[in-house]
Amino acid sequence: MNYTALYRKFRPSIFEEMVGQEHITKTLRNQIISGRIGHAYLFNGGRGTGKTSAAKILARAINCLTPKDGEPCNECEICREAINGSLTDIVEMDAASNNSVEDIRQIREEVNFLPTKAKYRVYIIDEVHMLSTGAFNALLKTLEEPPEHVKFILATTEPQKLPATILSRCQRFDFKQISDEDIIKRLKIVCDEIKVEITKEALKVVAVLAEGGMRDALSILERCLQDGETKIDEDKVKDLVGIPKLEYINKIVTSILKNNVNDALQTIDDVMSEGKDIQNFLWEIIKYVKDILIYKSSKKLNLYSENEIANIEKLANEVTKEKLLQIVYTLSNLENDMKYSSQRLILFQVGIIKLCSGQTEEIGSTLENSNRKN
Ligand SMILES: [Zn+2]
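Note that the structure is a prediction, hence the values are computed from the model and not measured. (Residues numbered from 1 in each chain as written. Predicted model: local features only at pLDDT ≥ 70, side-chain atom pairs only at ≥ 80, totals over all residues. Heavy atoms only, no water.)

> Describe the overall build of the chain, and please don't skip the residues or the numbers.
A count of helical and extended segments in the chain gives 18 helices and 7 strands. Here the C-alpha radius of gyration of the chain, 26 Å, is well above what a compact globule of 374 residues would show, namely 21 Å. Across its three principal directions, the C-alpha atoms of the chain cover 75 × 55 × 35 Å. Looking at the 374 residues of the chain, the share that counts as buried comes to 47%. (Helix = DSSP H or I, 4+ residues; strand = E, 2+ residues; numbered from the N terminus. Rg over C-alpha atoms; globule rule 2.2 N^0.38 Å. Buried < 20%, exposed > 50% of the residue type's maximum accessible area, 1.4 Å probe, protein only.)

> Go over the side chain of aspartate 89 with me, naming the residues and quoting the values.
Position of aspartate 89 among the secondary structure elements: in the loop between helix H4 (77-84) and strand E2 (90-94). No salt bridge is formed by the buried aspartate 89; the nearest opposite charge belongs to arginine 121, separated by 4.1 Å. A polar contact of 2.9 Å, which involves the side chain of aspartate 89, links it to the backbone nitrogen of threonine 116. A polar atom in the side chain of aspartate 89 sits 2.8 Å from the backbone nitrogen of lysine 117. The contact partners of aspartate 89, leaving out residues within four places of it in the chain, are Pro115, Thr116, Lys117, Ala118, Tyr120, Arg121 and Val122. (Lys, Arg positive; Asp, Glu negative; His and termini not counted. Salt bridge = Lys/Arg side-chain N within 4 Å of Asp/Glu carboxyl O. Polar contact = N/O pair within 3.5 Å; in protein donor to acceptor, adjacent residues only side chain to side chain. Contact = heavy atoms within 4.5 Å.)

> Let's hear about the sheet that holds strand E5 (residues 171-174): which residues, and what values?
Pairing is parallel in the open sheet, where 5 strands are placed in the order E2-E3-E4-E1-E5. Looking at strand neighbours, the two that pair on one side only are E2 and E5, the edges of this open sheet. Shown here is a sheet whose adjacent strand axes are inclined to one another by a mean of 15 degrees, direction ignored. As paired strands, strand E1 (residues 40-44) and E5 are joined by 4 bridges and run parallel to one another. Paired with asparagine 44 across the strands is aspartate 174, a residue of E5. With respect to the sheet, helix H2 (residues 22-34) is in contact with E1 and E5, its orientation differing from that of E5 by roughly 150 degrees. (Pairing = 2+ DSSP bridges. Axes fitted to C-alpha atoms, helices over the stretch in contact; angles between N-to-C directions.)

> Tell me what's going on with the coordination of the zinc ion, and back it up with residues and numbers.
In the first shell of the zinc ion, the protein supplies Cys64 (SG), Cys73 (SG), Cys76 (SG) and Cys79 (SG), at 2.2 to 2.3 Å from the metal. In this structure, the zinc ion is coordinated by 4 donor atoms arranged in tetrahedral fashion, with angles at the metal of 100 to 120 degrees. Here the donor residues of the zinc ion share one chain and are spaced in sequence as C-x8-C-x2-C-x2-C. Assessed through its relative accessible area of 9%, cysteine 64 is described here as buried. Given the relative accessible area of 10%, cysteine 73 is considered buried. (Donors = N, O, S within 2.8 Å, 3.2 Å for Na, K, Ca; no water. Tetrahedral: all angles 85-135°; square planar, octahedral: opposite > 155°, others 65-115°.)

> Lay out the pattern of salt bridges with the relevant residues and their values.
Tallied over the full model, the rule gives 20 salt bridges. Taking the shortest distance from any N to any O, the salt bridge between lysine 236 and aspartate 227 comes out at 3.0 Å. Look at lysine 236 and you get buried, because its relative accessible area is 18%. For aspartate 239, the salt bridge identified is with lysine 276, shortest N-O distance 2.7 Å. Within this pair, whereas aspartate 239 is found in helix H11 (residues 234-241), its partner lysine 276 is found in the loop between helix H13 (261-273) and helix H14 (278-298), the two being separated by 37 residues in sequence. For aspartate 239, a relative accessible area of 47% corresponds to the partly exposed category. What emerges from the salt-bridge pattern is a single network uniting Asp239, Lys245, Glu274 and Lys276.

> How would you summarise the packing of aromatic side chains if you had to cite specific residues and measurements?
Enumeration over the complete set of coordinates arrives at 6 aromatic pairs. Ring centres of phenylalanine 43 and phenylalanine 173 lie 6.0 Å apart, and the angle between their planes is 85 degrees; this geometry places the pair in the edge-to-face category. Of this pair, phenylalanine 43 sits in strand E1 while phenylalanine 173 sits in strand E5, placing them 130 residues apart in sequence. Under the relative-accessibility criterion, phenylalanine 43 is labelled buried at 0%. Here phenylalanine 173 falls in the buried class, since its relative accessible area comes to 9%. Among the aromatic side chains, those forming a connected cluster through ring pairs are Tyr41, Phe43, Phe173 and Phe175. (Phe/Tyr/Trp six-rings, centres within 6.5 Å; stacked < 30°, edge-to-face > 60°.)

> Any chance you could break down helix H3 (residues 51-63) for me, citing the residues and the numbers?
In a regular helix each residue adds 1.5 Å, so 13 residues correspond to 18 Å; H3 covers 19 Å between its end C-alpha atoms and thus fits that length. Counting buried positions along H3 gives 12 out of 13 residues, so the element sits mostly inside the fold. Among the residues of H3, Lys51, Thr52, Ser53, Ala54, Ala55, Ile57, Leu58, Ala59, Arg60, Ala61, Ile62 and Asn63 are the ones counted as buried. (Expected span 1.5 Å × (residues − 1).)

Keep in mind these numbers describe shape, not what the thing actually does.
See below:
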């Protein structure tokens, strides 16, 4: 497979293909159909939620020679040149690296000229919150009296850093975090297309790790493929991001619940010898115990295979909710202590030994501890 970042290769080319932002794409398409296009847009949202993709599609759609239902045709001369980057009337700028007054002044001078080919000259300014104060002031002057043939699409992850004067001149659209389900749906399509087999569990892990960003989801997928294999399972994804296998997590939690110190220490050795990060390991244990607790309370768990849910059910039946709460609480304190320690492995081992000996901290005990320290 040629190396093209999957994110670029599978960037949506029409609004219809965008994932999880129907509330935005519908409005934009209606504006284009009715010809009521704003002169400045602000696209706000987390990493990889589709802001830049939407900006590119919008810039094409308003300039397309043969738009259909508010979508660009992606086939006319203008669309083709926009896609291959040769259309000078669509200007993309990254404010993280071009944030000076000079950069914006150049735009101010340019806007007085008519576009060379397209109907509108469109400026897409990414990470717009990175502009300097002087640059904001310069931009504001242009936003106040924009010529008819100029449109601005500003994108940001941090709208609170934008001056109110800028905000008030833009139509604002808030991009949502993409749901796990939507990420999984899209990943499946991508995997089918590139002929990669991926398990249901692996898809879930990637979606959770991506935290609502399609770009991160695709970049994790891409990293999984770098060894040339075309099969991806849960362990492969976890291995890649340094999360110990679920098998180890289940083993150590079982040891804790059964007070089996030797097995617990053996599992720690196994995980460490695979070079996994100990903080990740602890975090996975906490999550697992929390999930046993959730299972005990609601009988519902989304992110596990049927096999694993059977394992969790077995553990859930052998332990009280109270005990689980105490373990989560003790491990959370341990996590906190480890953050500030240079002896993390020792602290971790001692913490696990204590738990295996049935010693948990009473909930609320940190407060006393910290009082004592003071
Ligand atoms: Zn077109």
